[in-house]
Amino acid sequence: MRQGAKENSGKAVESKTAVEKTAGGAYVKAMAELANFEPLKKAPMQNFFTNSHFNVFVNFWEPGQENVKHYHHEADNVVILLQGRGSFLIGGKTKELEAVSFIHVPKGVAHHFKNSGPERMVTVHIYGPALTKSDTVRVLPSTNPLL
């Protein structure tokens, strides 16, 4: 893990070194400072911003990395594929996408992401309302195409 990064319960990592405070409480973080590629089964998540209304995470995926099929009870999710190529299962349908692509995953719809390309993949995830640990539900094999 990078120096200056901190691990917390949701496998999200936040770097305090990349923050530039601006007027009104706004701040800027450089993508290079957030980058955290690790050869783990699950891609590391970096917490860019969180408040009670929404949060933003950046995921850094090595080739072959994927997340567990899951859905969110309360939060809609917008994913921006910034770099690389990925396989995105949403509501029972799989799409192969390349950068730069936008994906909307409504609350309650199961989804699964995988870096299906030969290069690293970077995705930005925006959740509204703010995602909580209890909002994420893993999906077991099912005959329901939305789960």
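Residues numbered from 1 in each chain as written. Predicted model: local features only at pLDDT ≥ 70, side-chain atom pairs only at ≥ 80, totals over all residues. Heavy atoms only, no water.

A. Quick peek at the overall build of the chain. Secondary structure assignment for the chain yields one helix and 14 strands. With 147 residues in all, the chain has 39% of them scored as buried. If you take every contact in the chain between residues at least 6 apart in sequence, the share linking residues at least 24 apart comes to 64%. Surface exposure of the chain reaches about 8,400 Å², of which carbon and sulfur atoms provide 57%. (Helix = DSSP H or I, 4+ residues; strand = E, 2+ residues; numbered from the N terminus. Buried < 20%, exposed > 50% of the residue type's maximum accessible area, 1.4 Å probe, protein only. Contact = heavy atoms within 4.5 Å. Areas by Shrake-Rupley, 256 points an atom, 1.4 Å probe, with all protein chains shown as cover.)

B. Structural detail: the environment of Gly92. Mapping Gly92 onto the fold places it in the loop between strand 9 (85-90) and strand 10 (93-98). Assessed through its relative accessible area of 48%, Gly92 is described here as partly exposed. Spatially, the C-alpha atoms of Gly92 and His111 are 8.0 Å apart, while their sequence positions differ by 19 residues.

C. Representation of the confidence of the model for the chain. Confidence in the prediction of the chain, expressed as mean pLDDT, is 79, and 71% of residues score 70 or more. Across residues 1-19, confidence stays below pLDDT 50; counting only partners more than four residues off in sequence or on other chains, it has 44 contacts. (pLDDT = per-residue confidence, 0-100.)

D. Local environment of the side chain of Gln65. Within the secondary structure, Gln65 sits in the loop between strand 6 (55-61) and strand 7 (70-72). There is a polar contact of 2.6 Å between the side chain of Gln65 and the backbone nitrogen of Glu62. (Polar contact = N/O pair within 3.5 Å; in protein donor to acceptor, adjacent residues only side chain to side chain.)

E. View of unusual backbone geometry. The linkage connecting Ala99 with the following residue, Val100, adopts the cis geometry, with an omega of -10 degrees. The linkage connecting Gly128 with the following residue, Pro129, adopts the cis geometry, with an omega of -5 degrees. Here Pro129 is to be found in the loop between strand 13 (121-128) and strand 14 (136-138).

F. Highlighting the nonpolar core. Ranked by size, the top nonpolar core spans nine residues in total: Trp61, Val79, Leu81, Phe88, Ile103, Val105, Val109, Phe113 and Met121. For this core, the secondary structure elements donating two or more residues are strand 8 (76-83) and strand 11 (101-105). (Core = buried A, V, L, I, M, F, W, Y, C linked by side-chain atoms within 4.5 Å.)

G. Region of interest: the side chain of His72. Positionally, His72 belongs in strand 7. Taking relative accessible area as the criterion, His72 reaches 3% and is therefore assigned buried. Looking at His72, its side chain comes within polar contact range of the side chain of His111, at 3.5 Å. Non-local contacts of His72, meaning those with residues more than four positions away in its chain, are made with Lys107, Gly108, His111, Tyr127, Leu131, Asp135 and Thr136.

H. Focus on the environment of Ala99. With respect to the helices, strands and loops of the structure, Ala99 is situated in the loop between strand 10 and strand 11. Look at Ala99 and you get partly exposed, because its relative accessible area is 39%. If near-sequence neighbours (up to four positions away) are discounted, Ala99 is found in contact with Leu81, Leu82, Gln83 and Gly84.

I. Main features of the pairing of strand 13. Counting buried positions over the eight residues of strand 13 gives six, a clear majority of the element. Relative to strand 13, strand 6 is paired through seven bridges, and the arrangement is antiparallel. Among the inter-strand pairings, Val56 is bridged to a residue of strand 13, identified as Ile126. One ladder, built from seven bridges, connects strand 8 with strand 13; its direction is antiparallel. (Pairing = 2+ DSSP bridges.)

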